[in-house]
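Each chain, letter by letter, is given below.
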Amino acid sequence: MTDTTHFTRPEPETDEIKPPVTQVGVIGWIKANLFNTWYNSVLTLAVLFALWQLAPPLVEWAFLDSRWYTDSEACRTTDGACWSIIPNNIRFILFGFYPPSEQWRPLLAVILLVALLFISRNRRFWRKPLAYAWMGGLVVMGILMRGGILGLDPVESSQWGGLPLTLMLSVFGLTAAYPLGVVLALGRQSRMPAIKSLCVIYIELIRGVPLISLLFMSAVIFPLFLPEGITINKILRAQVAIILFTAAYVAEVVRGGLQAIPKGQYEAADSLGLNYFQTMRLIILPQALKIVIPPTVSVLISAFKDTSLVVIIALYDILKTTQSTLSNPKWMGYSTEAYLFLAVVYFICCFFMSTFSRKLERELAT
Amino acid sequence: MTDTVPTPTDAETPPTDPVQVDQNEAVIKIIGMHKWFGDFHVLNDIHLDVRAKERIVICGPSGSGKSTLIRCINRLEEHQRGKIIVDGIELTNNLKKIEKIREEVGMVFQHFNLFPHLTILENLTLGPIWVRRVPKKEAEETAMYYLEKVHIAEQARKFPGQLSGGQQQRVAVARSLCMKPKVMLFDEPTSALDPEMVKEVLDVMISLAREGMTMIVVTHEMGFAKSVAHRVLFMDFGKIVEENTPDEFFDNPQHERTKLFLSQILH
Ligand SMILES: Nc1ncnc2c1ncn2[C@@H]1O[C@H](COP(=O)(O)OP(=O)(O)OP(=O)(O)O)[C@@H](O)[C@H]1O
Ligand SMILES: [Mg+2]
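Residues numbered from 1 in each chain as written. Chains lettered and ligands numbered in written order. Predicted model: local features only at pLDDT ≥ 70, side-chain atom pairs only at ≥ 80, totals over all residues. Heavy atoms only, no water.

Focus: the overall build of chain A
Thought 1: Helix and strand content of chain A: 15 helices and zero strands.
Thought 2: Taking 2.2 N^0.38 as the reference for a compact globule, 366 residues should give roughly 21 Å; the C-alpha atoms of chain A span a radius of gyration of 27 Å, well beyond that estimate.
Thought 3: Taking the principal axes of its C-alpha atoms as reference, chain A extends roughly 80 × 65 × 40 Å.
Thought 4: Here chain A, with 366 residues, has 39% of them falling under the buried criterion.
Thought 5: Long-range contacts, defined as pairs at least 24 residues apart, comprise 68% of the intrachain contacts of chain A with a sequence gap of at least 6.
Thought 6: About 21,500 Å² of surface is accessible on chain A, with carbon and sulfur atoms providing 69% of the total.
Thought 7: Distance between charge centroids for chain A: 6 Å, based on 29 positive and 23 negative side chains. (Helix = DSSP H or I, 4+ residues; strand = E, 2+ residues; numbered from the N terminus. Rg over C-alpha atoms; globule rule 2.2 N^0.38 Å. Buried < 20%, exposed > 50% of the residue type's maximum accessible area, 1.4 Å probe, protein only. Contact = heavy atoms within 4.5 Å. Areas by Shrake-Rupley, 256 points an atom, 1.4 Å probe, with all protein chains shown as cover. Lys, Arg positive; Asp, Glu negative; His and termini not counted. Charge placed at Lys NZ, Arg CZ, Asp CG, Glu CD.)

Things to note about the interface of chain B and chain A
The figure often quoted for interface size is the accessible area lost as the parts come together.
Thought 1: With 29 residues of chain B in contact, the opposing surface of chain A contributes 23 residues.
Thought 2: With both sides pooled, the region where chain B packs onto chain A buries about 2,300 Å², and carbon together with sulfur makes up 61% of that total.
Thought 3: Three residues stand out in chain B for area buried against chain A, namely B:Phe115, B:His117 and B:Trp130, and they jointly supply 23% of the buried area on that side.
Thought 4: One can count two salt bridges joining chain B with chain A.
Thought 5: A:Asp270 is paired through a salt bridge with B:Arg102; the nearest N and O atoms lie 3.9 Å apart.
Thought 6: Listed by contribution, the elements that provide at least two residues to the side of chain B that touches chain A are helix H2 (95-104), strand E6 (105-108), helix H3 (120-130), helix H5 (165-177) and helix H6 (195-210) of chain B. (Buried area = accessible area lost by both parts, 1.4 Å probe. Salt bridge = Lys/Arg side-chain N within 4 Å of Asp/Glu carboxyl O.)

A closer look at the domain arrangement of chain A
All names here are of chain A.
Thought 1: The assigned domain composition of chain A is domain 1 (103-155) and domain 2 (156-364).
Thought 2: Computed over C-alpha atoms only, the centres of domain 1 and domain 2 are separated by 20 Å.
Thought 3: The partner domain 2 presents 17 residues to the 17 residues of domain 1 that form the contact.
Thought 4: Of the roughly 1,500 Å² buried between domain 1 and domain 2 on both sides combined, carbon and sulfur atoms contribute 77%.
Thought 5: For the interface between domain 1 and domain 2, the tally reads one salt bridge.
Thought 6: Among the salt bridges present, the one from glutamate 363 reaches arginine 123, with a minimum N-O distance of 3.2 Å. (Domains from an automatic or database assignment.)

Notes on the packing of aromatic side chains
Thought 1: According to the stated counting rule, one finds 14 aromatic pairs over all chains in the structure shown.
Thought 2: Taking 5.3 Å as the distance between ring centres and 65 degrees as the angle between the ring planes, the aromatic pair formed by A:Phe118 and A:Phe352 counts as edge-to-face. A residue pair is termed long-range when its members are at least 10 positions apart, and A:Phe118 in helix H5 (residues 104-121) and A:Phe352 in helix H15 (residues 335-364) qualify at 234 residues.
Thought 3: Take A:Phe352: its relative accessible area is 21%, and that puts it in the partly exposed class.
Thought 4: Measuring from centroid to centroid gives 5.4 Å for A:Tyr276 and A:Phe277, while their planes differ by 85 degrees, and the two rings are edge-to-face.
Thought 5: When its relative accessible area of 42% is taken as the criterion, A:Tyr276 is described as partly exposed.
Thought 6: Here the aromatic cluster, defined as three or more aromatic residues joined through ring pairs, consists of A:Trp61, A:Trp68 and A:Trp83.
Thought 7: We note B:Lys226 situated over the ring of B:Phe250; from NZ or CZ to the ring centre the distance is 5.1 Å. (Phe/Tyr/Trp six-rings, centres within 6.5 Å; stacked < 30°, edge-to-face > 60°. Lys NZ or Arg CZ within 6 Å of the ring centre and 35° of its normal.)

What about a nonpolar patch on the surface?
Residue and element names in this part refer to chain A.
Thought 1: Taken together, Val26, Ile27, Trp29, Ile30, Phe35, Leu45, Val47, Leu48 and Leu51 make up a surface patch of nonpolar side chains, about 890 Å² in accessible area.
Thought 2: Put simply, the parts of the chain that give the nonpolar patch at least two residues each are helix H1 (25-33) and helix H2 (38-64).
Thought 3: Take tryptophan 29: it is sitting in helix H1. (Patch = residues over 30% accessible without salt bridge, like charges linked within 9 Å, V, L, I, M, F, W, Y side chains within 5 Å.)

So, the nonpolar core
Thought 1: Residues B:Ile28, B:Ile30 and B:Ile58 are the most contacted members of the largest nonpolar core, which totals 113 residues.
Thought 2: Examining the composition of this core, we find that 13 residues originate from one element, helix H10 (residues 234-259) of chain A, more than from any other.
Thought 3: B:Ile30 has contacts with B:Ile46, B:His47, B:Leu48, B:Asp49, B:Leu69, B:Ile73, B:Lys83 and B:Ile84, leaving out every residue within four places of it along the chain.
Thought 4: Counting residues in hydrophobic clusters, the runner-up holds 50 residues, among them B:Ile120, B:Tyr146, B:Ile152 and B:Leu193. (Core = buried A, V, L, I, M, F, W, Y, C linked by side-chain atoms within 4.5 Å.)

A few points about the sheet that holds strand E3 (residues 55-59) of chain B
Sheets are built from strands paired through backbone hydrogen bonds, the pairs being either parallel or antiparallel.
All names here are of chain B.
Thought 1: Spatially, the six strands line up as an open sheet ordered E6-E7-E8-E3-E9-E10, and their pairing is mixed. Strands at the two margins of the open sheet, each flanked by one partner only, are E6 and strand E10 (239-244). Neighbouring strand axes in the sheet, compared pairwise and without regard to direction, differ in orientation by 20 degrees on average.
Thought 2: Across four bridges, E3 lies against strand E8 (residues 214-218) in parallel orientation. Looking at the pairing, isoleucine 58 lines up with valine 218 of E8.
Thought 3: Together, E3, E6, strand E7 (183-187), E8 and strand E9 (231-236) form the strand contacts of helix H1 (residues 66-73), whose direction differs from that of E7 by roughly 155 degrees. (Pairing = 2+ DSSP bridges. Axes fitted to C-alpha atoms, helices over the stretch in contact; angles between N-to-C directions.)

Regarding the sheet that holds strand E2 (residues 40-51) of chain B
All names here are of chain B.
Thought 1: Taken in spatial order, the four strands make up an open sheet running E2-E1-E4-E5, and their pairing is antiparallel. At either margin of the open sheet sits one strand with a lone partner, and together these are E2 and strand E5 (89-90).
Thought 2: Bridging between strand E4 (residues 81-86) and E5 involves two bridges; their strand directions are antiparallel. When the bridges of E5 are listed, isoleucine 85 appears paired with glutamate 90.
Thought 3: Helix-sheet contacts for H1 involve strand E1 (26-37), E2 and E4, and the interaxial angle to E1 is about 125 degrees.

Details of the side chain of B:Thr258
All names here are of chain B.
Thought 1: Note on placement: threonine 258 falls in helix H9 (residues 256-266).
Thought 2: Separated by 2.7 Å, the side chains of threonine 258 and glutamate 242 make a polar contact.
Thought 3: In this structure threonine 258 touches Phe234, Val241, Glu242, Phe249 and Pro253, once residues within four positions along its chain are discounted. (Polar contact = N/O pair within 3.5 Å; in protein donor to acceptor, adjacent residues only side chain to side chain.)

Thoughts on helix H6 (residues 128-146) of chain A
All names here are of chain A.
Thought 1: A rise of 1.5 Å per residue sets the reference length of H6, with its 19 residues, at 27 Å; its end C-alpha atoms lie 27 Å apart and thus fit the reference within 8%.
Thought 2: Each element contacted by the buried residues of H6 is listed here: H5 and helix H7 (162-188).
Thought 3: Count one or two residues on from H6 and you reach glycine 147, which has phi positive near 70 degrees. (Expected span 1.5 Å × (residues − 1).)

So, the site of ligand 1
Residue and element names in this part refer to chain B.
Thought 1: In the neighbourhood of ligand 1, the contacting residues comprise Phe37, Phe40, Val42, Pro61, Ser62, Gly63, Ser64, Gly65, Lys66, Ser67, Thr68 and Glu188.
Thought 2: Within the backbone of serine 64, one N or O atom sits 3.2 Å away from an oxygen atom of ligand 1.
Thought 3: Contact between ligand 1 and threonine 68: an oxygen atom at 2.4 Å from a side-chain N or O atom of the residue.
Thought 4: When isolated, ligand 1 has an accessible area of 640 Å², and the protein chains bury 60% of it.
Thought 5: Elements supplying a minimum of two residues to the shell around ligand 1: E2 and H1. (Near = heavy atom within 4 Å.)

As for the environment of B:Asp251
Thought 1: Along the polypeptide, B:Asp251 turns up in helix H8 (residues 246-251).
Thought 2: In sequence terms B:Asp251 and B:Ile89 are 162 residues apart; their C-alpha atoms lie 37 Å from each other.

Details of the pairing of E2(B)
Residues and elements named next belong to chain B.
Thought 1: Sheet topology note: the E1/E2 ladder contains eight bridges and is antiparallel. Along E2, the bridge assignment pairs alanine 26 with arginine 51.
Thought 2: The turn joining E1 and E2, which pair antiparallel and follow one another in sequence, is formed by two residues; a positive phi near 65 degrees is taken by glycine 38.

Quick look at the structure:
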């Protein structure tokens, strides 16, 4: 322990030279960042001009002249936004055709799901109890949605819709697709030709078709192959299609991460006597998956938004329920407001994912 | 634990060598081994016996196959003809046997190859916990013991990226030692280091040698070879060209190529 210190430098003197102060107050910041070169100055002025032109009418429309909690008649009397379409139809938008008297059940299920997601954000809780909490949560959500026991009225899954449907399709779709994608990526790197070509074929096939066609297949073609009398829930089939689709993309992203790991890491693991699974689980994947957090989250975010494609097989996710509201003559013509609301819902979810990914990156940085 | 092994107090003076090579027991036996990379004949008819507690230094020009040879011993490379027997087990495609041999053979790389996402302590305990199935607490005690030995116990909670090259290489040595290997392979362990860090790594290796570790070291540190090796092998074009005690090897080289090589690196 003595001989590790003999190269260390002496402690620096106390009156150290401070780094130069570059930012002097607001003016300094503006000068340094907005008007530091002539083209930056031009850009700044252009942006200011655009804001001056656009912002006032926008504020007027969205806030000053808008209606919030009125009926549709009141909306006709103003040029402003008719936000009233949202509160008036919120139940249908959020829960679709779920029986109104029972809508507390999907609400509770969604709250449970969101709570679990929030807890899972924190890596300190990534232990066994959280896994049990998820399993328990799943069962409770299933019971709440389906009913049929504990005195809850049974609700057919064809009546499910809105936000719970969107969230369930995405959360379970993404959590199942991720490990499947990792396995596919490992398979594609395998030295065994059979496994390797199977994975390559799968990935390339799936990536070669649009998600819509997979959803169609799951809805229309797949049931043809089932023996008579057996039907598989439509939501489940859509879910499987989403999982299979997303996994192929995750696989390619993860493969990129695997290729970035130097050969020396495999050799060091090998030379310790670790077997293949230990090497992957303990050495390679932790590093590879960390590298590809940003592109993985991109894939997951776009997969999340793609769940809205289930409308084409007549599932009422939150996009479809919002759209249906607009076909009501009373609310026709307020699509801007409705879609803006929808955009906000989607944005909140995507923002949750991307902040989580950045948080994770920060925490895992070594 | 190996607490009973005397720790040398001063690594500078190795006048007498207390370690006796066991003449009977060959830990590594290589018989008529060949290896090709495609058409390229990297290793040509290699014969080598390494006895317990013996220390062998391999040197030779770049590309002569030194790395490949020692990497064949723990099957990081696969040989194509001949036999390699390590600790009584012949190396074949049998994965279980390969893993068994790798447990007993430690390896230190030129570029350290520490696991950057794990702390120093985790780097050291990984092998014992997952391969040797040692309880975590015991593995950590062993790890701390070896970290003390390589003089970096205070860095145990840091990550490899926060250490200097010399420190990282000492961690790499300690990581191998934690597996309690029978043989240690070193592939140019000091050649990626800044000059002032070479000594701290060599000191660790010298003290390891004093404790009776069986070592095969690929290095161009001729001072180390002189003071530590029992035998020096000179390789060129995939063959072991010359093999001798360090004194004979340096003072009285037999082959022209050895002479040329020595004149180039010793001048
Ligand atoms: N994976 C590989 N595929 C093809 N050729 C290889 C491979 N690894 C090494 N070689 C070749 O085999 C020869 C011997 O390589 P090796 O690394 O064993 O040399 P070395 O004696 O360790 O050299 P150095 O002192 O530069 O480390 C070199 O010519 C090298 O180009
Ligand atoms: Mg080499």
